[in-house]
Amino acid sequence: ALRAMSKMSGLMQEDPSKASEYLAQANKASNNYEKNCWNEEFGYYIADVDLSNCKNSYGPGCFVDQLCCVGLSSACGLGHVFNPDHEDQAHRALLANNFVVKPPFEDMQKHFYKGDVGMCVCTYPNGKLGDGMMYETIVSSGFTSPNISGMLLDRNVIGARTTALHIRNRYSGVNASPWNEPE
């Protein structure tokens with residue numbers, strides 16, 4: 001949002017200092033996210049929480065939303081939000097950890113049919129914090145699509161194409177309407 005405000009302020013040419021101010025705030029926020037959430041050992045961004053402040057959290061989980069802002073930023077022509085190498089690693093972690101197949105996977109919302117493949121909200125390849133996230137078994141094209149855009153920004157065309165094909169196959173008309181994805 002701050003990068004968009006910087007860009008719009010520059011286009012409006014009303015107060016040139018505002019564009020610089022918003023961009024500086026965006027860079028500060030990005031640097032803080034990197035510092036607080038990037039986990040080099042895991043290769044993805046994690047939540048900086050513990051059981052005392054977040055009972056039902058994804059904590060160290062590989063969470064689909066960790067990079068949704070990157071996909072949205074990319075789709076708007078604003079590019080990377082965080083360290084591009086970290087973004088790429090985190091997208092690859094999502095591809096490696098969050099794809100699920102029914103069976104045996106059961107999604108919370110029952111949008112998944114036999115043979116479906118999708119990206120679930122959260123997995124715990126490095127252990128859970130407490131009970132983990134309440135909604136970890138949701139599979140959502142709305143959460144997944146921004147990651148496709150981010151993968152394209154990373155030049156991971158194969159990962160983006162594979163992920164998009166899983167969505168299209170789920171909404172092929174066999175089990176779900178091709179004109180009515182839930183998100």
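Structural data are supplied above this passage.
Let me sum up the structure you'll find in this document. Keep in mind it's a predicted model, so treat the numbers as computed, not measured. (Residues numbered from 1 in each chain as written. Predicted model: local features only at pLDDT ≥ 70, side-chain atom pairs only at ≥ 80, totals over all residues. Heavy atoms only, no water.)

Describing the overall build of the protein chain
Looking only at helices and strands, the protein chain has six helices and six strands in total. Along the protein chain, helices and strands appear, N-terminal first, in the series α-α-β-β-β-α-α-β-β-β-α-α. Against the globule reference of 16 Å for 183 residues, the protein chain gives a C-alpha radius of gyration of 18 Å, in line with a compact fold. If one aligns the C-alpha atoms of the protein chain with their principal axes, the spans along those axes are about 55 × 40 × 25 Å. Taking as baseline every contact in the protein chain between residues at least 6 positions apart, the subset at least 24 positions apart corresponds to 57%. The protein chain carries 15 positive and 20 negative side-chain charges, and their two centres are separated by 5 Å. (Helix = DSSP H or I, 4+ residues; strand = E, 2+ residues; numbered from the N terminus. Rg over C-alpha atoms; globule rule 2.2 N^0.38 Å. Contact = heavy atoms within 4.5 Å. Lys, Arg positive; Asp, Glu negative; His and termini not counted. Charge placed at Lys NZ, Arg CZ, Asp CG, Glu CD.)

Describing unusual backbone geometry
For the bond running from lysine 102 to proline 103, omega is -10°, close enough to zero to count as cis. A cis geometry characterises the amide bond from proline 103 onward to proline 104, with omega recorded as 10°. Along the polypeptide, proline 104 turns up in the loop between strand S4 (99-101) and strand S5 (117-119). Of note in the backbone geometry, lysine 110 takes a positive phi value of approximately 60° without being a glycine. Note that lysine 110 resides in the loop between S4 and S5. Backbone geometry at arginine 155 places phi at a positive 70°, although glycine is not the residue there. You can see arginine 155 is positioned in the loop between helix H5 (141-153) and helix H6 (157-170).

Here's the deal with the state of the cysteines
Counted under the stated rule, the structure contains zero disulfides. The cysteine cysteine 37 is free of any disulfide, with cysteine 69 supplying the nearest cysteine sulfur at 11 Å. Take cysteine 69: it sits in no disulfide, and the sulfur closest to it among the cysteines is that of cysteine 68, at 7.8 Å. The partly exposed category is assigned to cysteine 69, whose relative accessible area is 34%. (Disulfide = S-S within 2.5 Å. Buried < 20%, exposed > 50% of the residue type's maximum accessible area, 1.4 Å probe, protein only.)

Quick notes on the environment of aspartate 50
Tracing the chain through its elements places aspartate 50 in the loop between strand S2 (44-45) and strand S3 (62-63). Spatially, the C-alpha atom of aspartate 50 lies 31 Å from that of serine 74, the residues being 24 residues apart in sequence. At a separation of 2.4 Å, a polar atom in the side chain of aspartate 50 contacts the side chain of serine 52. (Polar contact = N/O pair within 3.5 Å; in protein donor to acceptor, adjacent residues only side chain to side chain.)

Here's the deal with the pattern of salt bridges
Under the counting rule described, the total for this entry stands at four salt bridges. With a closest N to O distance of 3.2 Å, lysine 102 and glutamate 106 form a salt bridge. A salt bridge links glutamate 136 to lysine 128; the nearest nitrogen and oxygen atoms lie 3.3 Å apart. We classify glutamate 136 as buried; its relative accessible area is 15%. (Salt bridge = Lys/Arg side-chain N within 4 Å of Asp/Glu carboxyl O.)

Considering the packing of helix H3 (residues 68-75) against H5
At their nearest, the axes of H3 and H5 sit 7 Å apart, and the two run at 65° to each other. Considering only the axes of H3 and H5, their crossing is left-handed. Of the residues in H5, those in contact with Cys68, Val70, Gly71, Leu72, Ser74 and Ala75 of H3 are Phe143, Pro146, Asn147, Ser149, Gly150 and Leu153. Classifying every residue of the contact of H3 with H5 by side-chain character gives seven nonpolar, five polar and no charged. (Axes fitted to C-alpha atoms, helices over the stretch in contact; angles between N-to-C directions. Left-handed = near helix turned anticlockwise from the far one by under 90°. Nonpolar A, V, L, I, M, F, W, Y, C, P; charged D, E, K, R; others polar.)

By themselves, these observations are geometric and do not establish any function.
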